[in-house]
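Residue-level structural notes
Spelled out from the first residue to the last, the chains are:
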Amino acid sequence: MLSPAEAIALVLATARPLPPETVPLLHAAGRVLAETLTADRDFPPFNRVAMDGIAVAHAAWAGGQTEFEIQHAQYAGAPSRPLLDPSKAVEVMTGAVLPAGTDVVVRYEDILLHDNRARIQIAAPETSGVNIHHQAADRRAGDALLTPGTRLGPAELAVAATVGAAEVAVTRAARVAVVSTGDELVGIQETPLPHQIRRSNAYALQALFTQDGAAVSLFHLSDALDELRDGLTKILGAGFDAVVLSGAVSKGRADHLPGLLRELHVREIFHEVQQRPGKPLWFGAREGGPVVFGLPGNPVSTFITACRYARPWLRAVQQPEGAPAVAAVETPAPAVLTVDINFKPQLTHFVPVRLTVDTEGRRLATPLRVGGSGDMLSLVGATAFLELPPEPAVFLAGSAWPCWVL
Ligand SMILES: Nc1nc2c(c(=O)[nH]1)N[C@H]1C(S)=C(S)[C@@H](COP(=O)(O)OP(=O)(O)OC[C@H]3O[C@@H](n4cnc5c(N)ncnc54)[C@H](O)[C@@H]3O)O[C@H]1N2
Ligand code: MOO
């Protein structure tokens, strides 16, 4: 049986970059850039006044002059007017172009203004340039500011806006079908009969994949073989990039999916991974069609396997052509267990935890009480999960293990 590392390698080997598309910047949050955005001008584009006050010639001030007549006022957004007489000053506002002929700004807090004259109350600095954000101090025109493969968060969107990228090329959103299966499951508006439950997995998966920019469609199919076959045939041919099923991949008589998927020409790449939860995980791909994740139906198994296998695939396919696909997939950072964990089976053990940071900056992982992989309530408050290897059987408090942040 495959280890999680072998399984994720097989999953990622199927990831092909999605093509780019152009979207308005307003709709680009969370998407992955498929072009290079360059500085269209210097940053800042002019010597920018950084404090409200007066601008003077440093040479005059350093030479002993402390009283300056105000020649004019320079506001942000107004074309720059030079200082014509170096013994005078210009009142300047933050964001204004520094007037030619001046090279230092003195804050209002450090001057007295009276009768159109300013008296400076502090000693001149040794050099000019104080309180000025100099042209090109941050970047030069033509510099690459954002490169392909960058996820557009708030900071990146601001950069795109400032270079005038009203539209940006991003990788197309992955189209994902989330399909729950099972005759015991009813819709969330329905009142379940005693032998039924409401379907919850699809909502967790929808939220998880949407966070990564995917366009998710929800489906539900019953366990009846004919309905399952008809439904899956339609879904597999509907142009999705990935089909994510939950349930019906284990050994029960109604667990038809592995056989049915083979019948529908979805090539099995693996079935079962040496792990808990999530051992019955199924993964395959259809030639010219979607990849298919058959996630085990128990809610904790569904959630953990979606995070560990489906989400990295989603991130990998969003990396544009040429960008290293594996760069999309973060590596787990170690976290320190706060309690002992005993786990004897020779399986990788995924443990939902809450992460905190101690006074020395170490990441601490406190396991949540999990009543088994059907206990979906145990995931509430989880911020990460540990990946404990098959050996040893006892994981001591104070030891550090790979940890995936949710
Ligand atoms: N004889 C064996 N039985 C089982 C094995 C095994 O190795 N041998 N593996 C167990 C493990 S581990 C898991 S996990 C489950 C996975 O089974 P399936 O993927 O076939 O899932 P189902 O049987 O369809 O459902 C399991 C459980 O989860 C509930 N469920 C399913 N879908 C949803 C949903 N969308 N929302 C909420 N809850 C859902 C379902 O009602 C079941 O209670 O198999 C073990 N059995
Ligand atoms: O591994 Mo199953 O996924 O225990 O619940």
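Residues numbered from 1 in each chain as written. Chains lettered and ligands numbered in written order. Predicted model: local features only at pLDDT ≥ 70, side-chain atom pairs only at ≥ 80, totals over all residues. Heavy atoms only, no water.

If you look the protein up in an unreviewed UniProt entry, it shows as Molybdopterin molybdenumtransferase from Hymenobacter monticola. Turning to the protein, the UniProt record has this under Sequence similarities (unreviewed entry): "Belongs to the MoeA family." Here the protein is described in UniProt, under the heading Cofactor (unreviewed entry), as follows: "Mg(2+)". (UniProt positions renumbered as here; feature names shortened; annotations may be inferred.)

Some words on the state of the cysteines
Working definition: the covalent bond between the sulfur atoms of two cysteines is a disulfide. The full count for this structure, using the stated rule, is 0 disulfides. Just so you know, C307 is unpaired, no disulfide at all, and the nearest cysteine sulfur is the one on C403, 12 Å from it. Among the residues examined, C307 registers a relative accessible area of 5% and is labelled buried. (Disulfide = S-S within 2.5 Å. Buried < 20%, exposed > 50% of the residue type's maximum accessible area, 1.4 Å probe, protein only.)

Quick notes on the nonpolar core
By size, the foremost hydrophobic cluster in this structure holds 40 residues, and its most contacted members are V11, V176, F209, F270, F293, Y309 and W313. Elements represented by at least two residues in this core include exactly α1 (4-12), β13 (175-181), α4 (201-211), β17 (242-246), β18 (266-271), β20 (282-286), β21 (291-295) and α7 (299-317). At 11 residues, α7 tops the list of elements feeding residues into this core. Other than its neighbours up to four places away in sequence, V176 contacts F209, A214, A215, V216, S217, F240, A242, V244 and L314. Membership of the second largest hydrophobic core comes to 19 residues, among which are L221, V249, L264 and V292. (Core = buried A, V, L, I, M, F, W, Y, C linked by side-chain atoms within 4.5 Å. Helix = DSSP H or I, 4+ residues; strand = E, 2+ residues; numbered from the N terminus. Contact = heavy atoms within 4.5 Å.)

Quick look at α4
For α4, the complete set of buried residues consists of N201, A202, L205, L208 and F209. Take α4 and look down its axis: the buried residues cluster within an arc of 130°, on one side only. The secondary structure elements touched by the buried residues of α4 are β13, β16 (215-221), β17, β21 and α7. G213 occupies a position one or two residues after α4 and carries a positive phi of about 85°. (Arc of directions from axis to C-beta.)

Notes on the environment of R151
Among the secondary structure elements, R151 is positioned in the loop between β11 (144-146) and α3 (154-162). Sequence separation of R151 and G53 is 98 residues, and the distance between their C-alpha atoms is 39 Å. Discounting chain neighbours no more than four positions away, the residues touching R151 are G30, R31, V32, E156, D212, R315 and Q318. Within the structure, the side chain of R151 is placed 3.3 Å from the side chain of D212, a separation counted as a polar contact. (Polar contact = N/O pair within 3.5 Å; in protein donor to acceptor, adjacent residues only side chain to side chain.)

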